[in-house]
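Listed here are the chains, written in short residue letters.
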Amino acid sequence: MKNLWYGGFVIAALCMLASLTKLVFAQDSGVNTVIEFKNKGEIVQTLNLHEFDKLAPASFLKIFEVHEKKMRIYQVYPARLLLDQVFGKNWRRAEEIVFLCVDGYQPSIPVAKFLAYDAYFAFASADDTPFMLNNVLQNNEMVRLEPLYLVWDNLNTSELLEEGAADMPYQIKGIELTSFAARFPALFPPVNASQEVQQGFLHFRKHCIACHTINGQGGGKAPELNYPLSVTEYIKPEYLKRWIDDPSSIRYNTTMPALTAEIPAREKVIEKIIAYLTAMKTVKPEQSVGP
Ligand code: HEC
């Protein structure tokens, strides 16, 4: 596996030599977009991509592109170094990082994952191809990736491949340190909930909340699932299971991706997520909800 990566690096280095005279940012309109860095709601810094160059060295990274199911090489900045530069080393003690994306996707990723694995912010393709991808997980939608796209060095780490695309947000325009409980209090199951429900909550956090909201909190890319009516109240159980397992068998051309095929004990995970959604029927805001 290591050799593969080095091979990729050599190819990437050759590409770099070949295009030495070209401006790295030549065809990328994301350069002037400003990225906002926040800590618990307060703005710490705003930077455009030219300013990133002063904080961390750009390089090439070859990954297995989970969205396209093939290899790709991107131009990237190392995430840990960049976050050290922007927030100081203390970001490493935060609980979660929330990514705000132009398309409404809003994943919350544990800081521990950034300490355990190597993440990078991609800002361009390695060659002259547009900074876009064909998202086979979302009905083959062509999506723009700028200004920033979070990728992981997944060629050396099989765990990362099993996780699918959930922690690979594109169109990142904001990066916020937070604690999950502070930012998403309305998502927690009842305190006396069963273990199955609690585990379902963790799976829901990982696989669903970046797109959907519960009680108005979460991502803005997909419908609310709990308020005023829970999906468990108006979708028959067998169809709810199918929405998660194979959404395009329910709605033609849907952009909802099926739950990652590679996750271990996938059937059980689906059952637990439904247990969580069912428990949330009893947890609804008294007043109308808002972001
Ligand atoms: C990448 C974004 C994304 C992710 C991740 C995602 N969904 Fe969806 N989901 C959507 C979109 C978009 C729709 C609307 C689809 C449509 O109408 O065709 C949808 C629709 C649904 C519906 C039908 C709602 C209704 O009232 O019609 C359910 C139920 C649902 N999702 C559950 C889930 C669950 C559970 C997860 C996690 C396992 C999940 N979704 C993950 C984007 C997403």
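Just above sits the structure.
Residues numbered from 1 in each chain as written. Predicted model: local features only at pLDDT ≥ 70, side-chain atom pairs only at ≥ 80, totals over all residues. Heavy atoms only, no water.

S.K.: Sorry if this is basic, but what is going on with the side chain of threonine 178 here?
M.R.: Along the chain, threonine 178 turns up in strand β11 (residues 172–178). The class for threonine 178 is buried, based on a relative accessible area of 5%. When sequence neighbours within four positions are dropped, the list of residues in contact with threonine 178 reads Glu95, Glu96, Val98 and Arg183. (Helix = DSSP H or I, 4+ residues; strand = E, 2+ residues; numbered from the N terminus. Buried < 20%, exposed > 50% of the residue type's maximum accessible area, 1.4 Å probe, protein only. Contact = heavy atoms within 4.5 Å.)

S.K.: What exactly am I supposed to notice about the coordination of the iron atom of the ligand here?
M.R.: Each pair of donors in an ideal four-coordinate tetrahedral metal site encloses 109.5 degrees, whereas pairs in an ideal six-coordinate octahedral site enclose 90 or 180 degrees. Note on the iron atom of the ligand: its protein donors are His212 (NE2) and Met256 (SD). The metal-donor distances range over 2.0 to 2.1 Å. For the iron atom of the ligand, the six donor atoms are set out with angles of 88 to 178° between them, so the coordination reads as octahedral. Taken together, the residues histidine 212 in the loop between α7 (195–207) and β12 (213–214) and methionine 256 in the loop between α9 (237–245) and α10 (266–279) connect sequence positions 44 residues apart. Overall, the relative accessible area of 11% leaves histidine 212 in the buried class. Note on methionine 256: relative accessible area 27%, which makes it partly exposed. (Donors = N, O, S within 2.8 Å, 3.2 Å for Na, K, Ca; no water. Tetrahedral: all angles 85-135°; square planar, octahedral: opposite > 155°, others 65-115°.)

S.K.: Just checking my understanding: could you explain the nonpolar core for this structure?
M.R.: Nonpolar side chains in soluble globular proteins generally cluster together in the buried interior. Membership of the largest hydrophobic core comes to 50 residues, with the highest contact counts inside it found for Tyr74, Phe114, Tyr149 and Val151. If one sorts the elements of this core by residue count, strand β7 (residues 119–125) sits on top with six residues. Ignoring anything within four residues of it in the chain, the contact list for phenylalanine 114 reads Ala79, Arg80, Trp91, Ile97, Phe99, Ile109, Ala119, Leu150 and Trp152. (Core = buried A, V, L, I, M, F, W, Y, C linked by side-chain atoms within 4.5 Å.)

S.K.: Help me understand the site of the ligand in this model?
M.R.: Residues in close proximity to the ligand total 20 residues, the closest being Cys208, Cys211, His212, Tyr234 and Met256. Here an oxygen atom of the ligand and a side-chain polar atom of tyrosine 234 are 2.5 Å apart. Taking arginine 251, its side chain carries an N or O atom lying 2.5 Å from an oxygen atom of the ligand. Looking at the shell around the ligand, the elements that each hand over two or more residues are α8 (231–234) and α9. The element that contributes the greatest number of residues to the shell around the ligand is α9, accounting for three residues. (Near = heavy atom within 4 Å. Polar contact = N/O pair within 3.5 Å; in protein donor to acceptor, adjacent residues only side chain to side chain.)

S.K.: For this particular structure, what's the right way to read the environment of proline 169?
M.R.: With respect to the helices, strands and loops of the structure, proline 169 is situated in the loop between α5 (158–162) and β11. Given a relative accessible area of 0%, proline 169 falls into the buried group. With 48 residues separating them in the primary sequence, proline 169 and phenylalanine 121 have C-alpha atoms 10.0 Å apart. Setting aside residues no more than four positions away along its own chain, proline 169 makes contact with Phe99, Cys101, Tyr105, Pro107, Ile109, Leu148, Tyr149 and Leu150.

S.K.: Would you mind going over the pattern of salt bridges with me for this structure?
M.R.: If the charged atoms of two oppositely charged side chains come close together, the side chains can form a pair. Under the defined criterion, the tally for this structure stands at 17 salt bridges. A single salt-bridge network, built from bridges that share partners, covers Lys113, Glu163, Asp167 and Lys206. (Salt bridge = Lys/Arg side-chain N within 4 Å of Asp/Glu carboxyl O.)

S.K.: What am I meant to see in the pairing of strand β2 (residues 42–47) here?
M.R.: Remember that side chains alternate between the two faces of the sheet whenever the strand is regular. Note that strand β1 (residues 35–39) and β2 share five bridges and pair antiparallel. Residue pairing across strands places asparagine 39 opposite glutamate 42, the latter belonging to β2. Linking β1 back to β2 in an antiparallel pair, the connection comprises two residues, with lysine 40 at a positive phi of about 45°. (Pairing = 2+ DSSP bridges.)

S.K.: So what exactly am I meant to see when it comes to the packing of aromatic side chains here?
M.R.: Any pair of aromatic rings gets described here by the distance separating the centres and the angle formed by the planes. Enumeration over the complete set of coordinates arrives at 16 aromatic pairs. Geometrically, the ring pair formed by phenylalanine 180 and phenylalanine 201 is edge-to-face, given 6.1 Å between the ring centres and 65° between the ring planes. Here phenylalanine 180, found in helix α6 (residues 180–183), pairs with phenylalanine 201, found in helix α7; they are 21 residues apart in sequence, far enough to count as distant. Residue classification places phenylalanine 201 among the buried residues on the basis of a relative accessible area of 3%. The structure contains a cluster of three or more aromatic residues connected by ring pairs, namely Phe180, Phe184, Phe188, Phe201, Phe204 and Tyr276. Directly above the ring of phenylalanine 180 sits arginine 205, whose terminal nitrogen or CZ lies 3.6 Å from the centroid. Sitting above the plane of the phenylalanine 201 ring, arginine 205 keeps its charged end 5.5 Å from the centroid. (Phe/Tyr/Trp six-rings, centres within 6.5 Å; stacked < 30°, edge-to-face > 60°. Lys NZ or Arg CZ within 6 Å of the ring centre and 35° of its normal.)

S.K.: Looking at this structure, I do not really get α10. What am I missing?
M.R.: Compared with the 20 Å implied by 1.5 Å per residue over 14 residues, the 20 Å span of α10 between its first and last C-alpha is a close match. Burial runs high along α10: 10 of the 14 residues are buried. The complete set of buried residues in α10 reads Arg266, Val269, Ile270, Lys272, Ile273, Ile274, Ala275, Tyr276, Leu277 and Ala279. Along its buried surface, α10 packs onto α7, β12, α8 and α9. (Expected span 1.5 Å × (residues − 1).)

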